[in-house]
Structure formats: structure tokens, C-alpha cells
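Below are the chains, spelled out letter by letter.
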Amino acid sequence: MRSLAVALVTAISTAVLVQTGLAADLPVKAPVMLPTAAPYSWTGFYLGIEGGGGWADTRHTNPLNGINSGDVSINGGLFGGTYGYNLQLGSWVLGIEGDFSWSGIKKNFDDSIPDQFFCTIPDSPLKCVTNLRWLGTDRGRLGYVWDRLLVYGTAGVAYGNVKGTLANADFFVSIGDNTRAGFIFGGGVEWAFAPAWSVKAEFLRTDFGNKVTYNISNRFPLEVSLTNIDIVRVGLNYHFR
């Protein structure tokens, strides 16, 4: 019985050693590597739409006597298109961006001292109107990315058409419009939620500080200023790959 047990153990041990040796001689397969997504690239051209709102200060002034309407806050909506190009260098993104927007930033407001502001029309209070009819910008962008998230600063040139109007119960007169230019700066954040699509939100400030003088019916001049234009807007961009 003992001899039979020893023989059985010896046979099992021999079989295990043989199998182990054979397994050691088999080629080892490389581990299966799961595919990894390539890092997102911001480089390339893009087109988009944008919209939001803006706030500004305006003033109407009679340059003959210096009397003015006082600073008045105006506001309204913006909507338009965007175009641009990004170049990603490591974690940094350099870019150029432009946009053109219809603007509803306007307001009708009272002349604060009607009998002194326009001496030739003393009989009724005047409604002064400032209207930013459209707005465009051309800017550079510098940003830092965390894969699909881009945080950026931006600065450049803004230009827009400012229209001035006077109105009372008897008449409504457009006194002229002029294209203004100014410096614009701000910042924002952009997120690529799909390979070719991104959304952004940004804040911008510009200032058309230069006053433009209009002549009203060749009788007296009027200066219209538009300053401290703050813009908050969102956008949707399509990136060409």
C-alpha cells in the first residue's frame, strides 16, 4: 500500500513538472493594450455664432455752451457671427478672432435741462436718443488649455456705428451717424464638447471715447459720446479639422 502511494505521488509530481516545463517553453503573449484617445487639438480655423447683451454710458452735449444731458446708461442685445484661427503650442493657444454683430444697444432719454441745452427749442423737453446700430471687433487671443478646456484673454480693435437722434412730441429728427473705433479687451472660457464643436462665454469692454459733432438743421451742433461699453455674450463654434 505504501509502495502504491509513493508511486502515485511520484507520478503526479512528474506530470506537474513536465507540464510546468512545457508551459515555460511556450511563447508569452503581450498584454492587450486598450486604445487611448489622442489629446484634443485646438489648432485650426473655426466659424460660429454669438449673442448676448451690452451696457454703455452716453452723453449729449451742446459744445456752444457746454451744457449736457449728463451720463445716461443704455443697454440692449447683440447677435452676430464669429470667425477665427487657433494655433496650439503645447498647453498654450495663440489665435486671432473677429466678429460682426447687430446691436440693439440704445435708449431714449430726457434732456435734463431743456431750456438751456438747445436754446432754439425751448418750448418742450427733448428726447435724446443714442443708438449703437452694429458692432465689430478684430482681436488677438492668448489662452491656456487643459485638454478640451480653454481659458483666454483677448484684446484688439472694436468699431461700430453710433447714431444720434432728437425727438419730442412734434418731431423726430435723425441728427447723424458715424462709425467709431476704440480699443477692446476682455477674457473668456471655451469648452470643446465634441470633436468639431465648442461653446464659449466671455466678457469684453470697449470705449468709443471720441465725441462726434453733428449739426442739427445747420442751426447748432451736438456732440454725442458713447463710453464704457461692457459686453457679456456666449457663442457656439464649429472647428474645421
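Above this text you will find the structure in question.
The model shown is predicted, which means the values in this text are computed figures rather than measured ones. (Residues numbered from 1 in each chain as written. Predicted model: local features only at pLDDT ≥ 70, side-chain atom pairs only at ≥ 80, totals over all residues. Heavy atoms only, no water.)

## Concerning the overall build of the protein
Argument step 1. Each helix and strand in the protein was counted, giving two helices and eight strands.
Argument step 2. The proportion of buried residues among the 241 residues of the protein is 41%.
Argument step 3. At a minimum sequence separation of 6, the contacts of the protein that also span at least 24 residues come to 68%. (Helix = DSSP H or I, 4+ residues; strand = E, 2+ residues; numbered from the N terminus. Buried < 20%, exposed > 50% of the residue type's maximum accessible area, 1.4 Å probe, protein only. Contact = heavy atoms within 4.5 Å.)

## Some thoughts on the pairing of strand E4 (residues 127-146)
Argument step 1. Pairing geometry for strand E3 (residues 92-110) and E4, over 17 bridges, is antiparallel. Each bridged residue has a counterpart across the sheet, and for Asp99 the counterpart in E4 is Thr137.
Argument step 2. Taken together, the 19 bridges between E4 and strand E5 (residues 149-167) define a ladder with antiparallel strand orientation. Each bridged residue has a counterpart across the sheet, and for Gly136 the counterpart in E5 is Tyr159.
Argument step 3. The turn joining E4 and E5, which pair antiparallel and follow one another in sequence, is formed by two residues; a positive phi near 60 degrees is taken by Asp147. (Pairing = 2+ DSSP bridges.)

## Overview of the pattern of salt bridges
Argument step 1. Tallying each qualifying case throughout the model produces 11 salt bridges.
Argument step 2. A salt bridge links Arg59 to Asp71; the nearest nitrogen and oxygen atoms lie 3.0 Å apart. Of this pair, Arg59 sits in strand E1 (residues 44-61) while Asp71 sits in the loop between E1 and strand E2 (72-89); the two residues are 12 residues apart in sequence, bridging distant segments of the chain.
Argument step 3. When its relative accessible area of 26% is taken as the criterion, Arg59 is described as partly exposed.
Argument step 4. Exposure remark for Asp71: the relative accessible area of 55% places this residue in the exposed category.
Argument step 5. Glu97 serves as the salt-bridge partner of Lys200, at 2.9 Å between the closest nitrogen and oxygen. On the criterion of sequence distance, the pair formed by Lys200 in strand E7 (residues 197-216) and Glu97 in strand E3 is long-range, its members being 103 residues apart. When sorted by exposure, Lys200 lands in the same class as Glu97, which is buried. (Salt bridge = Lys/Arg side-chain N within 4 Å of Asp/Glu carboxyl O.)

## Quick notes on the environment of Asp207
Argument step 1. Considering the arrangement of structural elements, one finds Asp207 in strand E7.
Argument step 2. With a relative accessible area of 33%, Asp207 lands in the partly exposed category.
Argument step 3. On a C-alpha basis, the gap between Asp207 and Phe185 in space is 10.0 Å, while along the polypeptide they are 22 residues apart.

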